[in-house]
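# Close look at the chain arrangement
Residues per chain are reported as follows:
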Amino acid sequence: MFAPPPYLYVLKILLIHLNESDLVACGIHKSNIQHFVREIFATQYDSIEANSRLYFAYEFPIVFAELIKSDNEYDLNEILADEKYLKVIMDSIARCDVFWDILVDIQERYYASSKEAFYRFPIVQSSIIERITSEVIWDVQEDILSKITSEIEDNYDELEEYEDVYEMTNFVLQGIVDDIHDQITEIMNAKLDKRGINSITAEDFDIDTILSEDIDIHDMIERKYYEMMYSQSDEYKQQLQEPIENIVELFEDTYWLS
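This structure is a prediction, so every number in the text was calculated from the model and none was measured.

When you line up the elements, Arg131 lands in helix 10 (residues 122-154). Only 2.8 Å separates the side chain of Arg131 from the backbone oxygen of Cys96, close enough to count as a polar contact.

With that settled, the discussion passes to the environment of Ser150. By the element assignment, Ser150 lies in helix 10. Separated by 22 residues in the primary sequence, Ser150 and Val172 have C-alpha atoms spaced 9.8 Å apart.

Looking now at helix 8 (residues 99-110). Counted at 1.5 Å a residue, the expected span for helix 8 with its 12 residues is 16 Å, and the 16 Å between its end C-alpha atoms agrees. Inspection of helix 8 places Phe99, Trp100, Ile102, Leu103, Asp105, Ile106, Gln107 and Tyr110 among the buried residues, and these make up the whole buried set. Taken together, the buried residues of helix 8 touch helix 5 (59-68), helix 6 (77-80), helix 7 (83-93), helix 9 (115-118) and helix 10.

The interhelical angle for the contact between helix 7 and helix 10, taken along N-to-C directions, is 10°, at an axis separation of 9 Å. Taken together, helix 7 and helix 10 sit at an angle that is classed as roughly parallel. Mapping the contact onto sequence places Glu83, Leu86, Lys87, Met90 and Asp91 in helix 7 and Ile123, Ser126, Ser127 and Glu130 in helix 10. Counted by class, the contact of helix 7 with helix 10 contains 3 nonpolar, 2 polar and 4 charged residues.

The next subject is the packing of aromatic side chains. Scanning all chains against the criterion turns up 13 aromatic pairs. Ring centres 5.0 Å apart and planes at 50° place the aromatic pair Tyr111 and Phe118 in the tilted group. Its relative accessible area of 16% is what places Tyr111 among the buried residues. For Phe118, a relative accessible area of 0% translates into the label buried. An aromatic cluster of at least three residues, connected via ring pairs, comprises Tyr7, Phe41, Tyr45, Phe60, Phe64 and Tyr85.

Conventions we followed
Residues numbered from 1 in each chain as written. Predicted model: local features only at pLDDT ≥ 70, side-chain atom pairs only at ≥ 80, totals over all residues. Heavy atoms only, no water. Helix = DSSP H or I, 4+ residues; strand = E, 2+ residues; numbered from the N terminus. Polar contact = N/O pair within 3.5 Å; in protein donor to acceptor, adjacent residues only side chain to side chain. Expected span 1.5 Å × (residues − 1). Buried < 20%, exposed > 50% of the residue type's maximum accessible area, 1.4 Å probe, protein only. Contact = heavy atoms within 4.5 Å. Axes fitted to C-alpha atoms, helices over the stretch in contact; angles between N-to-C directions. Parallel < 35°, antiparallel > 145°, perpendicular 65-115°, else oblique. Nonpolar A, V, L, I, M, F, W, Y, C, P; charged D, E, K, R; others polar. Phe/Tyr/Trp six-rings, centres within 6.5 Å; stacked < 30°, edge-to-face > 60°.

Purely spatial values, then, with no claim about function.
In structure tokens, the structure reads:
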């Protein structure tokens, strides 16, 4: 089990658990925090890069969001203007609920370039793509499962003839993949339009990889097929029938009423 790095504890205390009056009472000023953060990135970069991405990927986005949010006055120019450090932060906050707000804050406070130019930075583009991908996955899961269910129901007799699971799942996928691609593309374009992002299009996303790796649609199909197959089995029907039979028997044997 990995222990959180000590500096993560310190940052959480400074940024989350203590308010400004607490900090002043302790003799801690914004310049102290700024210096501390700069030193961490300069001396603990490898640790931050690994921990924010893997081992403590939930905690670091919260800390980064608190550090960068618009209502503080920390000067983090040396960090956010460094592409290496910016990438670590952007990759981390892509999972954060306030991602879009932070993105605007970074552009407005630390980059003289326009929003459109800022969004063209490869580092920023990759984080936007990751963020929209995660949003799309959340949005389409239920619809994809509904499409899978309908496709299996419509072709159940034919699917029973497959002995190879991969061929069976691929058959189902081929029947719905075009609709899913169109739906995901439409959602992606709508999200990009909503954010006023012109430098990225749906073509910049690998939808096949999203389906195969992020959503794991083959596994969804397989699980739904076997769930449906079991629901039609005699064993499953017997399990459904048993409670009813027990109730009937209870009323047939009325000794407990006397």
